[in-house]
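Chain by chain, the residues:
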Amino acid sequence: MRDLITNSFLEIFSQEPILAFAPGRINLIGEHTDYQEGFVFPAAVSQGIWVGIQKNESNSANVHSLDFREDFVFDVNSFSPKKGHWANYVMGMVAQFKQAGYPARGFNMVFGGNIPVGSGLSSSAALSVSIATGLSGLFGFKIPKKSMALYAQKSEQLFEGLNCGIMDPYASAFGKENHALLLDCRSNSHEEVPINLGKYCLLLVNTKVKHKLADSAYNKRRAACEESVRILSETFPGIKTLRDLKEAQLEQVKNILPEELFPKAKHVILEDTRVHQAGESLKKGDLISFGKLMKASHESLKNEYEVSCEELDFLASESWTKEYVLGSRMMGGGFGGCTINLLDENQLPDFKKFISERYEEKFGIQPDFIEVTLSEGAHLLD
Ligand code: ADP
Ligand code: MG
């Protein structure tokens, strides 16, 4: 990729670029906990976005997307969002930098990557963070990683109109080889947990579906959590989000909340517990316990939080039938996207064949497989 970026850059702009990289991410466990200030457990992967960038003597940003084979030019002092366009991620970041007191001058940029878009690896966060890394490298801005993640989140919210959380850009910025990040979504700080999978590996299976329900259900679930907090705060003064409640209080919570709200609150409270348990298991190298937590997470997302779908449930339950699969669950917001699976590396061919045949037979779709390794976060390349 880096040669491709450099050569394209030379061809288009007749200059040597500096190079930056930012990865996509997975989430080991902890779904629908972030917006209740809970815990998540992401890790950066080796797939990502590469950016080549160099100054030009103007106020013009000349950007070329290799993957979309498209140019976009804007003035760094005056620009506005362009609905649904990839250039939003570039302009959004320039806007964030400017607002934070890091004004960019004109630049030339070429970028491209190998993250399948919309598959749950967060190509958009990788794009934002790679641009942030490239811009700060080019102009000598010394920006802390946490600020970079916050700017990326803000940029996507303002320029793409998406109410996204901090997890994706955070993981892309802070990722560490062979580690996952136990991230506290209240303090926006994390613990690095070393992950040793031995002969096991992580594999994503892409359902290749995205059900329409996803966006409206997301908003409804957020609203249900907020309503639960409102009701519960009469009995538990001082709680700000469901993160403030513990497993031991579930019985009480059940007695207070209306029947339709309780399962949603239960998911969030227990999922937070599972993230901590997963951290403990993985620190001990206890992959079997971690696998059980993955399964419990899936079942809770399916039955309590109700954000799974037929395709995800099918993939997870078929995977559970293989004794060499330690864990399988839906990853991400739900209603489509990928499952994440922990399985014996030597059985990859068997697993892929089995899942392909079963999924194709049931839904008439060939699933995609994405092998992932826990990798370094965003950085400049020399
Ligand atoms: P994801 O779940 O992968 O983050 P999103 O829908 O949030 O999917 O973001 C995908 C968008 O990010 C694309 O529509 C495009 O605008 C931008 N994007 C991601 N990867 C690339 C790329 N390699 N080149 C250009 N734009 C990209
Ligand atoms: Mg995204």
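Definitions and limits used
- Residues numbered from 1 in each chain as written.
- Chains lettered and ligands numbered in written order.
- Predicted model: local features only at pLDDT ≥ 70, side-chain atom pairs only at ≥ 80, totals over all residues.
- Heavy atoms only, no water.
- Pairing = 2+ DSSP bridges.
- Helix = DSSP H or I, 4+ residues; strand = E, 2+ residues; numbered from the N terminus.
- Axes fitted to C-alpha atoms, helices over the stretch in contact; angles between N-to-C directions.
- Contact = heavy atoms within 4.5 Å.
- Domains from an automatic or database assignment.
- Buried area = accessible area lost by both parts, 1.4 Å probe.
- Salt bridge = Lys/Arg side-chain N within 4 Å of Asp/Glu carboxyl O.
- Polar contact = N/O pair within 3.5 Å; in protein donor to acceptor, adjacent residues only side chain to side chain.
- Core = buried A, V, L, I, M, F, W, Y, C linked by side-chain atoms within 4.5 Å.
- Buried < 20%, exposed > 50% of the residue type's maximum accessible area, 1.4 Å probe, protein only.
- Near = heavy atom within 4 Å.
- Areas by Shrake-Rupley, 256 points an atom, 1.4 Å probe, with all protein chains shown as cover.
- Expected span 1.5 Å × (residues − 1).
- Phe/Tyr/Trp six-rings, centres within 6.5 Å; stacked < 30°, edge-to-face > 60°.

**What about the sheet that holds strand β6 (residues 107-113)?**
Strand order in the open sheet formed by six strands is β5-β4-β6-β3-β1-β13, and the pairing between neighbours is mixed. This sheet does not close on itself; its edge strands, each paired only once, are β5 (70-75) and β13 (379-381). Taking each pair of neighbouring strands and ignoring which way they run, the sheet shows an average axis angle of 25 degrees. In this structure, strand β4 (residues 60-65) lies alongside β5, joined through six bridges in antiparallel fashion. Across the sheet, residue Ser60 finds its bridge partner in β5, namely Asp75. The strands touched by helix α1 (residues 2-13) are β1 (18-27), β3 (42-55), β4, β6 and β13; relative to β6, the strand with the most contacts, the crossing angle is about 145 degrees. This element, helix α5 (residues 167-174), spans β1 and β3 of the sheet and lies at about 125 degrees to β1.

**Regarding the domain arrangement of the protein chain**
Frequently, the measure chosen for interface size is the accessible area removed from exposure when the parts meet. Along its sequence, the protein chain is organised into domain 1 (2-194) and domain 2 (200-372). Here the C-alpha centroids of domain 1 and domain 2 sit 27 Å apart. Taken together, the contacts link 29 residues of domain 1 with 42 residues of domain 2. Both faces considered, domain 1 and domain 2 share a buried interface measuring about 3000 Å² in area, 61% of it formed by carbon and sulfur atoms. The largest per-residue losses of area from domain 1 upon contact with domain 2 belong to Ile29, His32 and Gln36, which jointly make up 25% of the total buried on that side. Arg243 is paired through a salt bridge with Asp184; the nearest N and O atoms lie 2.8 Å apart. Here domain 1 and domain 2 share 19 residue pairs in polar contact (both at pLDDT 80 or more) between them.

**Some remarks on the nonpolar core**
Ranked by internal contacts, the top residues of the largest apolar core, which has 80 residues, are Ile26, Leu28, Phe41, Phe74 and Phe107. Broken down by element, the residue count for this core peaks at eight residues, all from helix α3 (residues 123-139). For this core, the domains that each give at least three residues are domain 1 (2-194) and domain 2 (200-372). Membership of the second largest hydrophobic core comes to 28 residues, among which are Phe236, Leu270, Leu312 and Met330.

**Here's the deal with the sheet that holds strand β9 (residues 200-210)**
Spatially, four strands are ordered β10-β11-β9-β12 in an open sheet, and the strand pairing comes out antiparallel. Of all strands in the sheet, those with a lone pairing partner are β10 (325-330) and β12 (368-372), marking the two edges. Taking the axes of each pair of neighbouring strands and ignoring which way they run, one obtains an average angle of 20 degrees across the sheet. Relative to strand β11 (residues 336-344), β9 runs antiparallel, the two sharing eight bridges. For Leu202, the partnering residue across the bridge sits in β11 and is Leu342.

**A look at the pattern of salt bridges**
Using the criterion set out here, one finds 20 salt bridges in the structure. Two residues, Arg186 and Asp244, come together in a salt bridge whose shortest N-O distance is 2.8 Å. A residue pair is termed long-range when its members are at least 10 positions apart, and Arg186 in the loop between β7 (179-184) and β8 (189-194) and Asp244 in the loop between α6 (213-232) and α7 (250-256) qualify at 58 residues. Overall, Arg186 belongs to the partly exposed group, its relative accessible area being 31%. Owing to a relative accessible area of 24%, Asp244 belongs among the partly exposed residues under this scheme. Bridged by salt links that share partners, the residues Glu37, Arg186, Lys240 and Asp244 form one connected network.

**Overview of the side chain of His85**
Tracing the chain through its elements places His85 in the loop between β5 and α2 (87-99). For His85, a relative accessible area of 10% translates into the label buried. If we skip the residues at most four places from it in the chain, His85 touches Glu70, Phe72 and Glu160.

**Some words on the site of ligand 1**
Taken together, 15 residues are adjacent to ligand 1, and Asp67, Phe68, Gly118, Ser123 and Ser124 come closest. A distance of 2.8 Å is found between an oxygen atom of ligand 1 and a backbone nitrogen or oxygen belonging to Gly118. Look at ligand 1: alone it shows 570 Å² of surface, and the protein chains cover 79% of it. The set of elements that each furnish at least two residues to the shell around ligand 1 consists of β6 and α3.

**A short note on the pairing of β9**
The element β9 is largely enclosed, with a buried count of nine among its 11 residues. Sheet analysis places β9 next to β12, joined by five bridges and oriented antiparallel. Across the sheet, residue Asn206 finds its bridge partner in β12, namely Asp368.

**As for helix α4 (residues 145-160)**
Relative to the 22 Å expected for 16 residues at 1.5 Å per residue, α4 spans 22 Å between its end C-alpha atoms, a close match to the ideal helical length. When α4 is considered as a whole, its buried residues turn out to be Ser147, Met148, Ala149, Tyr151, Ala152, Gln153, Ser155, Glu156 and Phe159. Residues of α4 that are buried sit in contact with α2, α3 and α5.

**Regarding the packing of aromatic side chains**
Under the defined criterion, the tally for this structure stands at 18 aromatic pairs. Between Phe9 and Phe13, the aromatic rings sit 4.9 Å apart at their centres with planes inclined by 50 degrees, giving tilted as the arrangement. Taken as a pair, Phe9 and Phe13 lie in helix α1 at a separation of four residues, close to a single helical turn. Judged on exposure class, the residue Phe9 and its partner Phe13 are both buried.

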